[in-house]
Amino acid sequence: MEALEIIARKRDRKELSREEIEFFVRGYTQGLIPDYQAAAWLMAVYLNGMTEREIYDLTMAMACSGDVLDLKDAVPFAVDKHSTGGVGDKVSLVVAPLVAACGIPVAKMTGRSLGFSGGTVDKLESIPGYRTDLSPEEFKAQLKRIGIVLTGQSAALVPADQKLYALRDVTATVESIPLIVSSIMSKKLATGSDAILLDVKAGSGAFMKTPEEAEELARALVRLGNQAGRKVVALISDMSQPLGWAVGNALELREAINTLHEGGPADFRDHCIVVAAEMLMLGGAAGDTSAALTMAMETLASGAAWHKFVELVEAQGGDVRYIEDPDLLPRARLVKPVPAPRSGYLAGLDAAETGRAVLELGGGRRKKGDPIDHSVGVIVHYKVGELVQKDTPLFTVYANDRAQMEAATERMLAAHTFSDTPVQRPPLFYRRIT
Ligand code: URA
């Protein structure tokens, strides 16, 4: 078999066999197929798609590129969650400890930033020492001991996704249903959870721009999870504006910490409560939505979720002083509050443009392996539907370079649109798919 032949067959819209897919995934993971051939293949998949059978085979080949964990000797039942990617999406930082604090083990492998969308691994790495490369043995031992793991892909766990994910990020091949489904579900299957909650984003700051496109992705994800014998629920949520106020790694971590202390923005907190409630139902901790919502709210209010987060950071080698006193977290040198150019109702706050502004500040990657500046980002002060007063701060830019700060300011000003008449707030969630 030849990589070139497999690329040509996908280019010519042929259906690849399981053997061809396995050959390609194995070859790329082992370094036998170079980046330029993998990039060409990814683009062929992006343009020509895959059948349901090909997506399943690709997912399995990626999941089996490293160890596949059997968690049964660690915990009787584990739940996981995954977001398809968004701007200001720090949900896992709150929801994972919240659900674990309710007694449902959470075993989660999480990703790095992709394009303009942020990644939980990068946010966690704002904490000095926090390890995101746990070995399979460490993963299971920690899950058994404290009921929660938040780690990244590694040479041992889904290495195929680690490589393909980074290559997609820099080859304009992110927004593809077969590639998103295989990337997400390979991680979910390899880490062995019994049930999975998927937060599928729709809007400018998501890879799927409309709730209808997001529903197509959600259905493909749920189908694949069910084929693999997992319980799966997908929520379709809004990503037309950033979630919460903070966008940027350390800034988002601070916002998650505030939320774990019952502060933080209302939209973000409400989003976390709904996602946690779904996970509690999947884990059997609550019989219906109302009981699950109450359990999630009470656990957040009790401080138990915060204590579980501290336990998690400590277990993964992070310096807990940085989360106990978030002023120690990386801080940008330049802080610029930008006044609103006019009064009016906020009609739009483009999530993708906000993500690009943060990318421009150095908070994301332009090419594979780029370092990330954890300190930079943007805090927005108004959400869609709110009444803005001229000259009050509209947003604040956190930068380490003056030219980058000015470029991000211009981009953020253009991302805001206003209306003289009241504007309806977008819903937090559109649909639930089972
Ligand atoms: N999250 C992932 O893990 N992979 C994708 O492709 C998109 C979002």
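Closest axis-to-axis distance for the helix α11 (residues 249–260)/helix α14 (residues 304–315) pair is 8 Å, and the angle between their directions is 135°. In terms of their interaxial angle, α11 and α14 are classed as oblique. Here Leu253, Ile257 and Leu260 of α11 lie close against α14, whose contacting residues are Ala305, Trp306 and Phe309. In terms of residue class, the contact of α11 with α14 is built from six nonpolar, no polar and no charged.

Residues in contact with the ligand, as listed here, are His82, Ser83, Thr84, Leu114, Tyr165, Arg168, Ile180, Ser183, Ile184 and Lys187. A distance of 2.8 Å separates an oxygen atom of the ligand from a polar atom in the side chain of Arg168. Between Lys187 and the ligand, the recorded distance is 2.6 Å, taken from a side-chain N or O atom to an oxygen atom. The protein chains hide 98% of the 240 Å² of surface that the ligand would expose on its own. Cavity membership is defined here by more than half of the atoms lying within 2 Å of grid points; on that basis the ligand lies in the largest cavity.

For helix α13 (residues 289–302), with 14 residues, the first-to-last C-alpha span of 20 Å sits near the 20 Å given by 1.5 Å per residue. Listed as buried for α13 are Ala292, Ala296, Thr299 and Leu300. Projected down its long axis, α13 shows its buried positions confined to an angular sector of 100°, all on one face. Facing away from the buried surface of α13 by more than 90 degrees, the exposed residues are Ser290, Glu298 and Ser302.

Here we come to the domain arrangement of the protein chain. What the domain assignment reports for the protein chain is domain 1 (3–49), domain 2 (71–157 + 164–324) and domain 3 (331–419). The C-alpha centroid of domain 2 is placed 29 Å from the C-alpha centroid of domain 1. On the domain 2 side, the residues contacting the nine residues of domain 1 number ten residues. Summed over both partners, the interface of domain 1 with domain 2 buries about 880 Å², with 84% contributed by carbon and sulfur atoms. At the junction of domain 1 with domain 2, the criterion picks out zero salt bridges. Inspection of the region where domain 1 meets domain 2 yields zero residue pairs in polar contact (both at pLDDT 80 or more). Considering each element in turn, the side of domain 1 that touches domain 2 owes the most residues, seven residues, to helix α3 (residues 35–48). A breakdown of the residues in the side of domain 1 that touches domain 2 according to their chemical character gives seven nonpolar, one polar and one charged.

What follows is about the pattern of salt bridges. Evaluated as defined, the whole model comprises 33 salt bridges. Here Glu311 ties to Lys308 by a salt bridge, and the two come within 3.2 Å at their closest N and O atoms. With Glu311 and Lys308 both in helix α14 and three residues apart, this pair spans about one turn of that helix. A residue is classified by how much of its surface remains accessible, and Glu311, at 31% relative accessible area, is partly exposed. When its relative accessible area of 13% is taken as the criterion, Lys308 is described as buried. The salt bridge involving Arg342 is made with Asp420; its shortest N-O contact spans 2.5 Å. Here the residue Arg342 occupies a position in the loop between β7 (334–339) and β8 (344–349), and Asp420 occupies one in the loop between β12 (416–419) and β13 (429–433), the gap between them amounting to 78 residues.

Calculation criteria
Residues numbered from 1 in each chain as written. Predicted model: local features only at pLDDT ≥ 70, side-chain atom pairs only at ≥ 80, totals over all residues. Heavy atoms only, no water. Axes fitted to C-alpha atoms, helices over the stretch in contact; angles between N-to-C directions. Helix = DSSP H or I, 4+ residues; strand = E, 2+ residues; numbered from the N terminus. Parallel < 35°, antiparallel > 145°, perpendicular 65-115°, else oblique. Contact = heavy atoms within 4.5 Å. Nonpolar A, V, L, I, M, F, W, Y, C, P; charged D, E, K, R; others polar. Near = heavy atom within 4 Å. Polar contact = N/O pair within 3.5 Å; in protein donor to acceptor, adjacent residues only side chain to side chain. Areas by Shrake-Rupley, 256 points an atom, 1.4 Å probe, with all protein chains shown as cover. 1 Å grid on protein atoms, 1.4 Å probe; cavity = no way out; pocket = protein on both sides within 12 Å on 5 of 7 lines; lining within 4 Å. Sits in = over half its atoms within 2 Å of the grid points. Expected span 1.5 Å × (residues − 1). Buried < 20%, exposed > 50% of the residue type's maximum accessible area, 1.4 Å probe, protein only. Arc of directions from axis to C-beta. Domains from an automatic or database assignment. Buried area = accessible area lost by both parts, 1.4 Å probe. Salt bridge = Lys/Arg side-chain N within 4 Å of Asp/Glu carboxyl O.

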